[in-house]
Amino acid sequence: MSTILITGATSGLGRYVAFELVRSGHLVLAHGRDPGRTERLVEELRTEGDADGFVADLASLTQVRELGAHVADAHPDLDVLINNAGVGAGAPGAGRELSADGHELRLAVNYLAPVVLTRAVLPVLRANTPARIVNVGSVGQDPLDFDDIEFRRQYDGFAAYRRAKFALAAHTFALAEELANTGISVNVLHPATFMDTAMVREGGVTPWNTVADGAPGVLALATQDLGTGGYFDGTTPSRAHESTYDREVHKRLSTVTDQLLAL
């Protein structure tokens, strides 16, 4: 059985997946932003199996780094990371928002946070191979504007969300290459379209699917050996935006990511 860290576990898809994993006998490390909700979730999970809770605001990269350090310290047997937490497009007409570090919020939470958390726990994953990294992406992917990475011009919430998910997919493929033959697999998936979550409802969208529809893909990648460097639509191998596979894009993204994280 695995020790699995899942971010954004207090609601939506993350919560559903956390319960499924605990019931299957895995130790679930449930991350949440709100201390009270995280504590209640862990209490509920423990009625079904083994769980531990961790609190961090992923809009603060300092807190993301601390989360990684706390998890690595408390659970040196960690072998699966599910980067699930995310920020949606925002309410219709909502303006550009900033993270605690001054980054555009969707880029910060949906892309920079998973990158930082992955880096923080990578040494532990390396020690516990075979290990898995599962990035919860989206079929919605827009190429990045490297000249306006923080989306200061003509901001749009849905476009910001799609750009961040494009970055996450491209990062997944580059990291999979970097970690080839280390025993750590890295994959990204689109769980299901417009699931019934607070994020989707806030965006003014009528849900098309339930979180139960989105769970099988995440669960499969977290618990089965399905290769590395893949993009899945649910449980089906698929293709991300063609530019996410471009080595030149990987290089530029890596450079700009290091610059953003150094700020």
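As a reminder, the structure under discussion sits directly above these lines.
Residues numbered from 1 in each chain as written. Predicted model: local features only at pLDDT ≥ 70, side-chain atom pairs only at ≥ 80, totals over all residues. Heavy atoms only, no water.

1. Some words on the overall build of the protein chain
Defined as follows: Helix and strand definitions here come from DSSP, where helices need a minimum of 4 consecutive H or I residues and strands a minimum of 2 consecutive E residues; each element is numbered from the N-terminal end. Using C-alpha atoms as the atom set, the radius of gyration is obtained and then compared with a globule rule of 2.2 Å times the number of residues to the power 0.38. Think of it in three bands: with a 1.4 Å probe and only protein chains considered, a residue is buried below 20% of the maximum accessible area for its type, exposed above 50%, and partly exposed in between. Throughout, a contact is declared for two residues whenever any of their heavy atoms are within 4.5 Å. Computed with the Shrake-Rupley method and a 1.4 Å probe, the accessible areas treat only the protein chains shown as cover for residues. Charge convention: Lys and Arg are scored as positive, Asp and Glu as negative, and His as well as the terminal groups of each chain are ignored. To locate a charge, take NZ of a lysine, CZ of an arginine, CG of an aspartate or CD of a glutamate.
When its secondary structure is counted, the protein chain shows 8 helices and 8 strands. By the compact-globule yardstick of 18 Å for 263 residues, the protein chain fits well, its C-alpha radius of gyration being 17 Å. Along the three orthogonal principal directions, the C-alpha set of the protein chain runs to about 50 × 40 × 35 Å. Residues classed as buried in the protein chain amount to 54% of the 263 residues present. Partitioning the contacts of the protein chain with sequence separation of at least 6, the portion at a separation of at least 24 is 70%. Accessible surface, the protein chain: about 11,300 Å² in total, of which carbon and sulfur atoms supply 47%. Here the protein chain holds 22 positive side-chain charges and 33 negative ones, and the gap between their average locations is 3 Å.

2. What about the pairing of strand 3 (residues 51–55)?
Let me state the cut-off plainly: DSSP calls a pair of strands paired once it identifies at least 2 bridges connecting them. The handedness rule is simple: strands pointing away from the viewer, and a clockwise path from the first strand over the helix to the second, make the crossover right-handed.
Examined bridge by bridge, strand 2 (residues 27–32) and strand 3 share 5 bridges and lie parallel to one another. For Gly 32, the partnering residue across the bridge sits in strand 3 and is Val 55. You can see the chain leave strand 2, run along helix 2 (residues 35–46) and come back into strand 3, and the turn it takes is right-handed.

3. Quick word on the packing of helix 1 (residues 12–23) against helix 2
For any two helices packed against each other, one specifies the inter-axial angle together with the distance between the axes. We count it as follows: Note on geometry: axes are C-alpha line fits, over the in-contact stretch for helices, and angles between N-to-C directions span 0 to 180 degrees. Under this scheme an angle from 65 to 115 degrees is roughly perpendicular, one under 35 degrees roughly parallel, and one over 145 degrees roughly antiparallel; angles in between are oblique. Note: crossing handedness is left-handed where the near helix turns anticlockwise from the far helix by less than a right angle, and right-handed where it turns clockwise. All amino acids are sorted into three groups, where Ala, Val, Leu, Ile, Met, Phe, Trp, Tyr, Cys and Pro are nonpolar, Asp, Glu, Lys and Arg are charged, and the leftover types, Gly among them, are polar.
Contact pair helix 1 / helix 2: the axes reach a minimum separation of 10 Å and the direction vectors enclose 30°. Overall, the two elements helix 1 and helix 2 adopt an arrangement that is roughly parallel. In this structure, helix 1 meets helix 2 at a crossing whose hand is right-handed. Mapping the contact onto sequence places Arg 15, Ala 18, Phe 19 and Val 22 in helix 1 and Leu 41, Glu 44 and Leu 45 in helix 2. Counted by class, the contact of helix 1 with helix 2 contains 5 nonpolar, no polar and 2 charged residues.

4. Some details on the pairing of strand 5 (residues 131–136)
Here strand 5 lies mainly inside the structure; 6 of its 6 residues are buried. Both faces of strand 5 are covered, namely the face carrying Ala 131, Ile 133 and Asn 135 and the face carrying Arg 132, Val 134 and Val 136. The pairing of strand 4 (residues 80–83) with strand 5 spans 4 bridges and is parallel. Pairing of Ile 82 across the sheet is with Val 134, part of strand 5. Of the crossover connections in this fold, the one passing from strand 4 over helix 4 (residues 105–127) to the parallel strand 5 is right-handed. Looking at chain direction, strand 5 and strand 6 (residues 184–190) are connected through 6 bridges and run parallel.

5. Some points on the sheet that holds strand 3
Across the sheet, 8 strands lie side by side as 3-2-1-4-5-6-7-8; this open sheet has mixed pairing. Either end of the sheet is taken by a strand with one partner, and the two such strands are strand 3 and strand 8 (236–238). Taking each pair of neighbouring strands and ignoring which way they run, the sheet shows an average axis angle of 25°. Sheet strands touched by helix 2: strand 2 and strand 3. Its angle to strand 3, the strand with the most contacts, is close to 170°. Running at roughly 155° to strand 6, helix 5 (residues 157–178) makes contact with strand 5, strand 6 and strand 7 (231–233) of the sheet.

None of the figures reported here should be taken as evidence of function without further support.
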